[in-house]
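Residue-level listing of the chains:
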Amino acid sequence: MLRIGMRLRASGNRCPVLTSLPYAHVILSRRVENETQFMQLALEEAAAAAAAGEVPIGALIVYDSKVLAISGNRTIRDCDPTAHAEIIVIREAARLLGNYRLAGTTLYVTLEPCSMCAGAMIQARIPRLAYGADDPKGGAVRSCFEVLTHDKLNHQVEIVSGVLASECASLLQAFFAARR
Ligand SMILES: [Zn+2]
């Protein structure tokens, strides 16, 4: 489990060593258990997406400790290149909250968001992101770009990476192995 972002540095008082590490390991807590539970739901959406022939990525948005919106990728089904799981749940959450800003929410997604989805998170002012596997082929959190922590942007996102990372990565690997 890795944590990155501004809030980590701000909360460094409790564990001073974290302030000197860009990617610090964090001790398991109740909050982390919740993160695992929510990611498990995102994984189920990812598996359902795979069953529908989509790339197995699942996402959900939590607000007030409840799941507000949940979806897998729908790009192929919807003939929509923007229908990544994150975009779908951002749209649905905004509709349900009646607000284009998603204050107080956490976005969970099984794979590190791409630049489009990271950009949408900034537009929506989503304050927290928890994701599973890193994406070395396009991840815009830290693997290829660092959109969410860019110092030109005012909005900063608290980031938790590596939540059920091996399960999230295995689902993708199995999907692509079966298509080869
Ligand atoms: Zn995306």
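As the structure is a computational prediction, the values presented were derived from the model and not from experiment.

### Observations concerning helix α4 (residues 85–97)
Between the first and last C-alpha of α4 there are 18 Å, a value that for 13 residues agrees with the 18 Å anticipated at 1.5 Å per step. Taken residue by residue, α4 has Ala85, Glu86, Ile87, Ile88, Val89, Ile90 and Ala93 as its buried positions.

### Some words on the environment of Leu107
Tracing the backbone through its elements, the reader meets Leu107 in strand β5 (residues 105–111). Between the C-alpha atom of Leu107 and that of Pro127, which follows or precedes it by 20 residues, the distance is 8.5 Å. Setting aside residues no more than four positions away along its own chain, Leu107 makes contact with Ala59, Ile61, Glu86, Val89, Met121, Ile126 and Leu129.

### Thoughts on the pairing of β5
Here β5 lies mainly inside the structure; 7 of its 7 residues are buried. Relative to β5, strand β3 (residues 58–63) runs antiparallel, the two being bridged by 5 bridges. Counterpart to Leu60 in the pairing with β5 is Tyr108. Bridge analysis of β5 against strand β6 (residues 128–133) gives 5 bridges, and the strand direction is parallel.

### Things to note about the confidence of the model for the protein chain
The predicted coordinates ought not to be read in detail in places where the model reports low pLDDT. Here the protein chain shows a mean pLDDT of 87. Residues at 70 or above account for 82%. Low pLDDT (under 50) marks residues 5–27, which in the prediction has 22 contacts with non-local residues, meaning those over four places away or in another chain.

### A few points about the environment of Glu86
As for its position among the elements, Glu86 is in helix α4. Expressed as a C-alpha distance, the spacing of Glu86 and Cys114, which sit 28 residues apart in the sequence, is 9.6 Å. Among all residues touching Glu86, those that are not within four sequence positions of it are Ala59, Leu107, Val109, Pro113, Cys117 and Ala120.

### So, unusual backbone geometry
Look at Asp64: it is not a glycine, yet its phi comes out positive at around 55 degrees. Note on placement: Asp64 falls in the loop between β3 and β4 (66–72). Despite not being glycine, Leu164 shows a phi value in the positive range, around 50 degrees. According to the C-beta neighbour criterion, Leu164 is buried, with 24 such atoms within 10 Å.

### Focus on the packing of α4 against helix α5 (residues 115–124)
Look at α4 against α5: their axes get within 9 Å of each other, and the N-to-C directions meet at 20 degrees. The angle between α4 and α5 places the two elements in the roughly parallel class. In this structure, α4 crosses over α5, and the sense of that crossing is left-handed. Along the contact surface, α4 presents Glu86, Ile87, Ile90 and Ala94, while α5 presents Cys117, Ala120 and Ala124. A per-class count over the contact of α4 with α5 returns 6 nonpolar, no polar and 1 charged.

Criteria and cut-off values
Residues numbered from 1 in each chain as written. Predicted model: local features only at pLDDT ≥ 70, side-chain atom pairs only at ≥ 80, totals over all residues. Helix = DSSP H or I, 4+ residues; strand = E, 2+ residues; numbered from the N terminus. Expected span 1.5 Å × (residues − 1). Buried ≥ 20, exposed ≤ 12 C-beta atoms within 10 Å, placed from the backbone. Contact = placed C-beta atoms within 7 Å. Pairing = 2+ DSSP bridges. pLDDT = per-residue confidence, 0-100. Axes fitted to C-alpha atoms, helices over the stretch in contact; angles between N-to-C directions. Parallel < 35°, antiparallel > 145°, perpendicular 65-115°, else oblique. Left-handed = near helix turned anticlockwise from the far one by under 90°. Nonpolar A, V, L, I, M, F, W, Y, C, P; charged D, E, K, R; others polar.

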